[in-house]
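Descriptive structure summary
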Amino acid sequence: MMMPRNSQPLEYREAPSAGESRGSNKAKSITWLMKFCHTAITCLCYLMMIITLPISIWFSIKIVHDYERMVIFRLGRVQPPKGPGLVLVVPFIDQFQRIDMRSRAFRIQPSKVKSLDHMMVSLRADVHFRVCDPVLSVMSIQNLNFVIQHTAENLMAQNLGHKYLKEICGDQIRFAEQLKEDINEQVKAYGVCIDYTEVQLEAVLRPHAEHVPVPVPPASFGPTGGLEQTVTPLSSLAQQTVTTNSVQYPDDDFAVDVIASQIEDGWILSDSLVTEVGSSYQLIATKKSGENVSYFIDLTSGSGTADWGVFPGIPDVTLKMTAADLMNLIKGDLSPMTAYTTGRLQVIGDLRTALLLEKLFQRLAF
């Protein structure tokens, strides 16, 4: 038998079995029954609320502020977020939860992480976040603050492990932006948005030397709030840290005198140097005899000032070292970062601010 010209061949479909048909009909009947019960209970509660007016109005009307949203569960099913303004809550069948939409912040405490070039770095970070999807934040996670903070700590440690120390110290703004993007990728499934992250370098600890166990000195906070690194005695450092090819001169004890004499000449301090640095420093140099010499440099206003003695106030950074190491810094035979990582320079205050003093050393003619 030939088929009609415009007709299409019929597809063969297997007829559902009797068991499958009965199961499908049963599921449909249960779904219909649940919808009917849901509607009937809701209507009954609305009716009771109307009958008990105006008493029920004090229990049914809730005020939601502009910075809040209300997530309502009606008979266990989530409803679209409500607010701001007046929100009607049906007694007995509605359960609600207020969600604060304002920005919040937490701090990642300083932790020691090894960089790609095997340097131990201590960083802390401030993370600002807010809830952008209230329903998702309630449905996806229970302890929101704990999970976001734990995620941020793990991502910061992972990112530090893929960067060199120079990249971390040089461009912390870019590192903070990258950290913000990585955290956003992880927490957007929780209905959270990261608004701002700030990374601050607390300290660069002793370098990790292969096959030579170097203990990390304990850290404590200095008077200015910065992380103060305990310095190992120089006699022991000579055997376990990197040494420089600088030659010790008999005039090493006069390193502070060199700085003071050239500053008094009037051509070291300038408005441009104050613009570049913008901080105050207290230098404490220890001579071979054990005597401490104090000298302060104020580069916060005008053309800057400097004088012997203690800074009148609280300096931004206090630097402690031997007079010999200070002379090597002036000559350029020793960099501030090398002196710090090897324990020969003790910094009380922000490390990045301390490293800016190298701009002053570069202007010294020696």
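Residues numbered from 1 in each chain as written. Predicted model: local features only at pLDDT ≥ 70, side-chain atom pairs only at ≥ 80, totals over all residues. Heavy atoms only, no water.

By the naming in an unreviewed UniProt entry, the protein chain goes by Band 7 domain-containing protein and is assigned to Staurois parvus. The UniProt entry for the protein chain carries the following text under Sequence similarities (unreviewed entry): "Belongs to the band 7/mec-2 family." (UniProt positions renumbered as here; feature names shortened; annotations may be inferred.)

1. Considering the overall build of the protein chain
The helix and strand tally for the protein chain stands at 13 helices and 15 strands. Intrachain contacts of the protein chain at a sequence separation of at least 6 include 68% that bridge at least 24 residues. Summed over its atoms, the accessible surface of the protein chain is roughly 21500 Å², and 57% of this surface lies on carbon and sulfur atoms. (Helix = DSSP H or I, 4+ residues; strand = E, 2+ residues; numbered from the N terminus. Contact = heavy atoms within 4.5 Å. Areas by Shrake-Rupley, 256 points an atom, 1.4 Å probe, with all protein chains shown as cover.)

2. Concerning the sheet that holds strand β13 (residues 305–308)
Strands sit in the order β13-β12-β11-β14-β15 across an open sheet of 5 strands; the sheet is mixed. Two strands in the sheet have a free side with no partner beyond their single neighbour: β13 and β15 (346–349). Averaged over all neighbouring strand pairs, the angle between strand axes comes to 15 degrees, with direction disregarded. Helix α10 (residues 323–331) rests against β11 (280–286) and β14 (317–322) of the sheet, and its axis sits at about 110 degrees to β14. (Pairing = 2+ DSSP bridges. Axes fitted to C-alpha atoms, helices over the stretch in contact; angles between N-to-C directions.)

3. Things to note about the side chain of Thr318
Secondary-structure assignment places Thr318 in strand β14. Exposure remark for Thr318: the relative accessible area of 12% places this residue in the buried category. Not counting chain neighbours up to four residues away, the residues in contact with Thr318 comprise Gln282, Ile284, Gln346, Val347 and Ile348. (Buried < 20%, exposed > 50% of the residue type's maximum accessible area, 1.4 Å probe, protein only.)

4. Some thoughts on helix α4 (residues 144–160)
Between its first and last C-alpha atoms α4 spans 25 Å; for 17 residues at 1.5 Å apiece the expected length is 24 Å, and the two agree. Along α4, the positions that sit buried rather than exposed are Leu144, Ile148, Thr151, Ala152, Leu155, Met156, Asn159 and Leu160. All buried residues of α4 fall inside an arc of 155 degrees around its axis, so they share one side. The distance from a side-chain oxygen at the start of α4 to the backbone nitrogen of Phe146 is 3.3 Å, and the residue carrying that oxygen is Asn143. (Expected span 1.5 Å × (residues − 1). Arc of directions from axis to C-beta. Polar contact = N/O pair within 3.5 Å; in protein donor to acceptor, adjacent residues only side chain to side chain.)

5. What to know about the packing of α4 against helix α6 (residues 172–187)
The packing of two helices is summarised by the inter-axis angle and the distance between the axes. Relative to each other, α4 and α6 sit at 135 degrees, their axes nearing to 10 Å. It follows from the interaxial angle that α4 and α6 lie oblique. At the point where α4 passes α6, the crossing takes the right-handed sense. Between α4 and α6, the residues in contact are Ile148, Thr151, Ala152, Leu155, Met156, Asn159 and Leu160 and Phe175, Leu179, Asp182, Ile183, Gln186 and Val187, respectively. Residues that form the contact of α4 with α6 fall into these classes: 9 nonpolar, 3 polar and 1 charged. (Parallel < 35°, antiparallel > 145°, perpendicular 65-115°, else oblique. Left-handed = near helix turned anticlockwise from the far one by under 90°. Nonpolar A, V, L, I, M, F, W, Y, C, P; charged D, E, K, R; others polar.)

6. Quick word on the sheet that holds strand β2 (residues 68–74)
Spatial strand order, β3-β2-β5: 3 strands in an open sheet with antiparallel pairing. The open sheet terminates on both sides in strands that have one partner only, identified here as β3 (77–78) and β5 (94–100).

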